[in-house]
Amino acid sequence: RAFELPAGGQTWSKVHVAGSFNAWAGTAAAGGWALSYDQGGDVWRGEFTFDPGTYQYKFVIDESTWVPDPGNPDGAPDGFGGQNSVLVHTCPPGQAEPFSPSSLLPVESRPEGYAFDNNAAAGLVTAVHADGYLRAAEKVADVALQHRDGWLACAPGDAPAACAEVLVGQFGRRAFRRPLTEAERTRYAALVTGQGDLTTGLRVALQAMLISPNFLYRSELGDAEGRLSGDEVATALAYTLWGTMPDAALFSAAESGALADAAGVEAEVRRLLADPRAYEAIGAFAVQWLGVEPILTADKNAAMFPEASAALRRSMLEETRRFVADVMLASGRPGDLFTADYSFLDPALAAHYGVPPGQQGGFERLALPANRAGLLGHASLLGSYAHSDQSSPIRRGLFVRRSLLCQDLGKPPPNAGGVPEVDPNATTRERFRQHSADDFCRACHQYIDEVGFGFERFDAFGRYREVENGMPVEPGGDLNDLEGLGTNTHAPYADLRQLGALLAAGQSPRACMARQFFRFSRGYREGAVDVCAVDALASKLAETDDVREMIVAALTSPGFLRRK
């Protein structure tokens, strides 16, 4: 991929590109990709190889001034009041995708009621896992050694013992996210020096490190009293807020003892939250919490939805990722999730929503049409909680109850009815009235259908409609028992915007968000011993009305820094 930055007649000594593809290296020495100056064109250029994906980046001038790419109109908030450039990197048509180590690993299970892919209880090594880890480690070691000048300060002519020391001291520290013990240093150094040649030795040692549980797993066990070490705290913070390993500053904080108390941890949490990488991790939290990943593979009727392309589906998911991360980290106001009059759309998604596209050609913050507000009107959500050829008040209503209110209705009884047959002379609402009319069904469906009906102005692919089968769609309902099942309260609404306003004003959605973030940050569904910790987070969010303060409270709490 080529990068260019016109100099515009200015004299700079060096320019490099830093982004999520190279861990936002602040200097060229730390891994930034250096550009070369073309005097004839008065432009800095560089070409680099990295895996396909969506990345954010900036140019770094003289290792001090960070600027977005003036030639790239697609941007995202950088957390400091400015913009990062956004790059969607794909392979040319007909060219195979490069090897991805994760493609060899099995998909991790998510137990019912737990939305995230970091379930600690599922971290069991099966034969399939072991085989996948080994094959991935072999491939990664081969690729790494082909480009070892970029990460290993050791030349082929250097003594094997010296190279072994560099490997275990530098790579080992990063791979295990802590200093190696003396026994580990000796063992891995012996793998380097005990082979027939240096390259083979490095390959064997790399493979051994990459299949070690010290690399593959986060160890958060603590000392004899349960206090996490500085390195364990650093790792937990980095993977929660950045989705990747600690940076040099976080490693330094761990080594200096700055993470030994809540004040030091809070300083690092706030620094991590202000970094652009937090937007990516919180975006990942959002799409898993909301359960909208199925939009990428949802089987929609091609005759009914000819526009349901893979590219449009990716745009739908990206909208939700960007929007929720922006609300949680930029404004911090949880109510904005349900009432915001804007979102992040590219031209294809803007056309899907019936709004004029932006001026830059990529994702931009645009005003939503009057019929949508907040994430409830996102096509990713509407399409994920629908059938292939029709909307689903049940799926959409259950989404609100389970994901947004954390209300558990239990499993339907074995003799519960299915989806009413499609009647070309009836609206979906009329077909589902049988749930309310039948006393047996009403026990549960009084909480589901009346919420799901609020989404009926949108079809199975998130397109707005005012009529269905030639008849007007009724978009109103009742968000009954908002603050708890069995409270016998009523909250009628006329349309999706009013439904969003009710959720924005309620305390249950805030408490549920706190509960979902607790799960995400801990890697498990809360139990009886966690009631006080979850309640404390809900209270913090209710008190401050700021998601960022709730996140700080979650990651500085005694329960996060200690293990029992």
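Only a predicted model underlies this, so the values are computations on that prediction, with no experimental measurement involved.

Draft legend 1. How the structure looks around the overall build of the protein chain. When helices and strands are counted, the protein chain shows 21 helices and 15 strands. Relative to the compact-globule value of 24 Å for 564 residues, the protein chain shows a C-alpha radius of gyration of 26 Å, a close match. Counting only C-alpha atoms, the protein chain reaches 80 × 65 × 45 Å along its principal axes. Taking the contacts inside the protein chain whose residues are at least 6 apart along the sequence as the reference set, 65% of them involve residues at least 24 apart.

Draft legend 2. Local environment of the pattern of salt bridges. Within this structure, the stated rule accounts for 30 salt bridges. Here E255 ties to R173 by a salt bridge, and the two come within 3.0 Å at their closest N and O atoms. Of this pair, E255 sits in helix α7 (residues 248-256) while R173 sits in helix α2 (residues 160-176), placing them 82 residues apart in sequence. A relative accessible area of 10% means that R173 is categorised as buried. Close ionic contact of R519 with E526 constitutes a salt bridge, the shortest N to O distance being 2.7 Å. The burial state of R519 is the same as that of E526; both residues are buried.

Draft legend 3. Quick peek at the side chain of D478. With respect to the secondary-structure elements, D478 resides in strand β14 (residues 477-478). Here D478 occupies a buried position and makes no salt bridge, while the nearest side chain of opposite charge, R401, is found at 7.0 Å. Of the polar contacts made by the side chain of D478, one reaches the side chain of H490; its length is 2.7 Å. When residues no more than four places from it in sequence are discounted, the contact partners of D478 are E450, V451, H490, A491, P492 and Y493.

Draft legend 4. Focus on the environment of R173. When the C-alpha atoms of R173 and F251 are compared, they prove to be 9.6 Å apart, with 78 residues separating the residues in sequence. Apart from the residues within four sequence positions on either side, R173 is in contact with V168, R178, P179, L180, D231, F251 and E255. Polar side-chain contacts of R173 include one of 3.0 Å to the side chain of E255.

Draft legend 5. Expanded view of the environment of S508. Looking at the element boundaries, S508 is found in helix α18 (residues 508-522). Between the alpha carbons of S508 and L404 there is a distance of 8.1 Å; along the sequence they are 104 residues apart. Apart from the residues lying within four places of it in its own chain, the contact partners of S508 are L404, L405, L482, E483 and G484. Here E483 takes part through its side chain, which lies 2.7 Å from a polar atom of the side chain of S508.

Draft legend 6. Just the packing of helix α6 (residues 230-241) against helix α8 (residues 262-273), in detail. It is at 10 Å that the axes of α6 and α8 come closest, and there the two elements cross at 25 degrees. As far as their axial angle goes, α8 and α6 are roughly parallel. Crossing angle aside, the handedness with which α6 passes α8 is right-handed. Contacts between α6 and α8 involve V233, L237, A238 and L241 from the former and V265, E268, V269, L272 and L273 from the latter. Broken down by class, the residue content of the contact of α6 with α8 amounts to 8 nonpolar, no polar and 1 charged.

About the thresholds
- Residues numbered from 1 in each chain as written.
- Predicted model: local features only at pLDDT ≥ 70, side-chain atom pairs only at ≥ 80, totals over all residues.
- Heavy atoms only, no water.
- Helix = DSSP H or I, 4+ residues; strand = E, 2+ residues; numbered from the N terminus.
- Rg over C-alpha atoms; globule rule 2.2 N^0.38 Å.
- Contact = heavy atoms within 4.5 Å.
- Salt bridge = Lys/Arg side-chain N within 4 Å of Asp/Glu carboxyl O.
- Buried < 20%, exposed > 50% of the residue type's maximum accessible area, 1.4 Å probe, protein only.
- Lys, Arg positive; Asp, Glu negative; His and termini not counted.
- Polar contact = N/O pair within 3.5 Å; in protein donor to acceptor, adjacent residues only side chain to side chain.
- Axes fitted to C-alpha atoms, helices over the stretch in contact; angles between N-to-C directions.
- Parallel < 35°, antiparallel > 145°, perpendicular 65-115°, else oblique.
- Left-handed = near helix turned anticlockwise from the far one by under 90°.
- Nonpolar A, V, L, I, M, F, W, Y, C, P; charged D, E, K, R; others polar.

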